[in-house]
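Here are the chains, one letter per residue:
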Amino acid sequence: MSQQPPEPPGAARLPDLAAPGGELDRLVREGARTVGAGAVWAVGDAGGPLGGGGHGALGQGPYARLAPGPDTLYDLASLTKIVALWPCAGVLRRSGRLPLDEPLGHWWPPAAGRPAGGVTARQLLSHTAGMLPYTRFEQLYGRAPAAIRAGVIAAPLHRVPGAAVEYTDRAAVLLTYLVEDLGGAPLDELAARWAWRPLGMTDTRYGPLDAAAVARTAPTELDRSTGAHLRGVVHDPSARLLGGVSGNAGAFSTPADLARFLTALLAPPPHLPWGEPWIAESLREQTGGLAPARGLSWQYAPGTEPAEGTFVHYGFTGTGIWVSRRLGRWALLLTNQVHHSRITQSLTDLRNAFRRAVFG
């Protein structure tokens with residue numbers, strides 16, 4: 001007999017959960033010890049943050065004396081898909097420039113006659129476009145950005161569009177080219193103009209970061225070519241190859257800025273150019289019954305049912321954000337786990353326990 005999912009904590013109880021030294025703080029403190037990486041967490045609702053905290057150290061060696069906090073900059077890795085690319089797609093959708101269900105080759109000249117011309121923007125956003133599951137850009141196309149762009153657009157499909165859900169960075173990279181062409185500017189400029197500045201996210205930016213920002217940035221992996229840990233330079237090799245600015249990775253942000261972003265998903269400011277109905281459309285099932293179910297850019301949180309309406313996105317470096325409009329709450333848990341190890345089971349366990357405590 002299957003067990004019923006636990007009841008989520010009521011709205012009245014959430015501030016108690018989030019209180020200093022409360023259940024969430026204890027959970028993250030103990031989990032950070034197991035993970036081996038410092039962690040910053042926060043939870044909130046449509047009114048903003050209800051609580052948060054930080055535990056552990058930013059890293060090993062010279063970083064062991066540095067503690068993570070609300071102004072620590074993290075390499076967001078694939079959270080870039082949410083914080084940068086997804087809002088820009090929303091602006092273009094709302095303005096009528098991005099048709100979601102018309103094959104790209106019918107209206108975007110670079111895709112005409114190419115395999116990518118047969119997929120739709122909705123399929124790219126929901127990871128059902130059938131694109132190749134790997135990048136290997138340098139190996140396949142060299143180091144020139146123009147050659148990489150041509151290679152991504154001309155690449156054969158891995159599956160028939162709409163046949164399966166298969167997460168791939170190639171979808172976000174192709175969407176980057178599409179958004180930049182339609183928006184008439186590089187993605188970093190569009191994201192700052194349409195998402196970060198309107199929300200007061202003054203610490204969110206693409207790298208490489210300047211010296212002052214690097215000093216409060218969580219380090220990621222050792223770069224064997226330099227003998228130093230990557231810090232303020234994007235960890236993801238594909239994004240690094242593209243100059244640090246891509247839709248799949250490359251953005252850096254702080255817990256404080258991400259709290260502003262997540263609060264806006266529950267209470268979109270009227271001046272936000274990608275607010276409703278883009279948020280509502282994205283945070284519902286878009287994969288036609290295929291598993292795992294996804295929205296647009298977002299995925300349903302593992303361990304939950306789609307009817308529960310809890311969405312999440314993770315970043316390879318150790319980052320994660322959750323939101324539930326049904327429950328009216330959001331959460332973030334940021335680590336730089338990849339600085340210590342690529343073995344992530346302990347982080348997965350912490351993420352799942354954190355999600356259960358906040359959302360049920």
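Refer to the structure printed above.
Here goes a summary of the coordinates provided. Computed from a prediction, not measured in an experiment: that's the story for all the values here.

Thoughts on the sheet that holds strand 2 (residues 48-55)
What links the strands of a sheet is backbone hydrogen bonding, and the strands pair in either a parallel or an antiparallel sense. Strand order in the open sheet formed by six strands is 2-1-11-10-9-8, with antiparallel pairing between adjacent strands. Every interior strand has two partners, whereas the edge strands, strand 2 and strand 8 (299-300), have only one. With six bridges joining them, strand 1 (residues 39-45) and strand 11 (residues 329-335) adopt antiparallel strand pairing. From the neighbouring strand, A42 faces strand 11, where its bridge partner is L332. Set on the sheet, helix 2 (residues 23-35) makes contact with strand 1, strand 2 and strand 11; between it and strand 1 the angle comes to about 155°. Of the strands in this sheet, strand 1, strand 9 (310-315), strand 10 (319-324) and strand 11 touch helix 13 (residues 345-359), which is tilted by about 160° from strand 11.

Regarding helix 13
Over its 15 residues, helix 13 extends 21 Å from the first C-alpha to the last, a length consistent with the 21 Å expected when each residue adds 1.5 Å. Close packing links the buried residues of helix 13 with helix 1 (14-17), helix 2, strand 1, strand 9, strand 10 and strand 11. Downstream of helix 13 by one or two residues, G360 has phi in the positive range, about 90°.

Observations regarding the packing of helix 3 (residues 80-94) against helix 7 (residues 169-183)
Running from amino to carboxyl end, helix 3 crosses helix 7 at an angle of 45°, the nearest separation of the two axes being 10 Å. It follows that helix 3 is oblique to helix 7 by the angle criterion. Crossing hand, helix 3 versus helix 7: left-handed. In contact with K81, L85, C88, A89 and L92 of helix 3, helix 7 contributes D169, A172, L175, T176, V179, L182 and G183. Class assignment of the residues belonging to the contact of helix 3 with helix 7 gives a composition of eight nonpolar, two polar and two charged.

Notes on the side chain of H235
Looking at where H235 falls in the secondary structure, it is placed in the loop between strand 6 (228-229) and helix 10 (237-241). Classification of H235 by relative accessible area gives buried; the value is 6%. Of the polar contacts made by the side chain of H235, one reaches the side chain of E221; its length is 2.7 Å. Every residue in contact with H235, bar those within four places of it in the chain, is listed here: D75, T220, E221, L230, R240, F316, T317, V338 and R342.

Calculation criteria
- Residues numbered from 1 in each chain as written.
- Predicted model: local features only at pLDDT ≥ 70, side-chain atom pairs only at ≥ 80, totals over all residues.
- Heavy atoms only, no water.
- Pairing = 2+ DSSP bridges.
- Helix = DSSP H or I, 4+ residues; strand = E, 2+ residues; numbered from the N terminus.
- Contact = heavy atoms within 4.5 Å.
- Axes fitted to C-alpha atoms, helices over the stretch in contact; angles between N-to-C directions.
- Expected span 1.5 Å × (residues − 1).
- Parallel < 35°, antiparallel > 145°, perpendicular 65-115°, else oblique.
- Left-handed = near helix turned anticlockwise from the far one by under 90°.
- Nonpolar A, V, L, I, M, F, W, Y, C, P; charged D, E, K, R; others polar.
- Buried < 20%, exposed > 50% of the residue type's maximum accessible area, 1.4 Å probe, protein only.
- Polar contact = N/O pair within 3.5 Å; in protein donor to acceptor, adjacent residues only side chain to side chain.

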